[in-house]
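Structure at a glance
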Amino acid sequence: MTTTIPTAKAAAAPAPPPAAPARRRSASRRRSTPLTIAMLAALAYFLLPLFWLLVASTKSTQDLFNSFGLWFSRTPQLLTNIKETFTQDNGVFVHWLLNTVMYAVVSALGAALLAAAAGYGFAKFRFRGDRASFNLVLGAVMVPATALAIPTYLLFAEAGLVNTPWAIILPSLVNPFGLYLMRVYAQDAVPDSILEAARIDGAGEARIFFTIALRLLAPGLVTVLLFTLVATWNNYFLPLIMLNDPSLYPITVGLSSWAAQAQNGGAGASSDMLALVVTGSLISILPLVMAFLLLQRYWQSGLAAGGVKQ
């Protein structure tokens, strides 16, 4: 009988390397306690005002001042506040809400379409003065909207558009940041080979844009649409100086007028007017929350692409 003696190399080969503990140690090293604390602080910073608004909407005006601000009172009355908000002043809050929806939706759709068309043009066409024009757009991004409110009012007063819905919609159609975002996104989202193939097949530039490019630009388009929607929905200063008719007010200016009545005790003011202002503020943010949740996957991908494409 022959006896085989295993060599040292053969005996050592089957031993597996301890990879799993190393991965666990690597994962534990990536955890950062200061970063976790910072993220929790940021989360509390953003969510605490929303929680306060939810809690305050369940209180009467007296409870707003006599109870703890970050917790519910003994007699919550959210449904009562909602009912009184919608019925106050013959239901003017509903009219303000519809005005805001109309201003925001029309402005967002128009601004997104114009930004997509202009960004696509800057990205895919070369013309005299294109660099200078795009640099002008970048400069316009730095100009705050409040600095343009008074000149815009003077121009619209000369055109006879003050105290009309166009005084809110037309300025909101201009979105320099949206144009910049769409230009950066269209640079790589729309391949030149597809455009050349469409031109060879005889398609015109307008047809190429609306049937091919616009579909490829959908994530960036939704991002610009949401940004403009939020900006127009929350706009306060421009409607304040442009509109004199309360029937044309958006929610921001309308709730401000209610708050002024509550403080000064003006005509139409009630004892719970301040509670109605808080409840109206809660109702006004719900459409924005729904819009972000429904379009979340589009605007996140569009924003990420606009941040990394060169």
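Residues numbered from 1 in each chain as written. Predicted model: local features only at pLDDT ≥ 70, side-chain atom pairs only at ≥ 80, totals over all residues. Heavy atoms only, no water.

We now examine the pattern of salt bridges. Once the charged atoms of two side chains with opposite charge are near each other, the side chains can pair. If you walk through the whole model with that rule in mind, you get 3 salt bridges. A salt bridge links D192 to K124; the shortest N-O distance between them is 3.0 Å. Of this pair, D192 sits in helix α11 (residues 192-200) while K124 sits in helix α6 (residues 92-124), and the two are 68 residues apart along the sequence. When its relative accessible area of 15% is taken as the criterion, K124 is described as buried. Connected through shared salt-bridge partners, E196, R199 and E205 make up one network. (Salt bridge = Lys/Arg side-chain N within 4 Å of Asp/Glu carboxyl O. Helix = DSSP H or I, 4+ residues; strand = E, 2+ residues; numbered from the N terminus. Buried < 20%, exposed > 50% of the residue type's maximum accessible area, 1.4 Å probe, protein only.)

Before going further, it helps to spend a moment on the packing of helix α10 (residues 176-189) against helix α13 (residues 218-233). Interaxial distance between α10 and α13 falls to 10 Å at its minimum, and their mutual angle equals 170°. Overall, the two elements α10 and α13 adopt an arrangement that is roughly antiparallel. Each of F177, G178, L181, M182 and Y185 in α10 lies in contact with α13, whose residues at this interface are P219, G220, L221, T223, V224 and F227. Residues of the contact of α10 with α13, tallied by class, amount to 8 nonpolar, 3 polar and no charged. (Axes fitted to C-alpha atoms, helices over the stretch in contact; angles between N-to-C directions. Parallel < 35°, antiparallel > 145°, perpendicular 65-115°, else oblique. Contact = heavy atoms within 4.5 Å. Nonpolar A, V, L, I, M, F, W, Y, C, P; charged D, E, K, R; others polar.)

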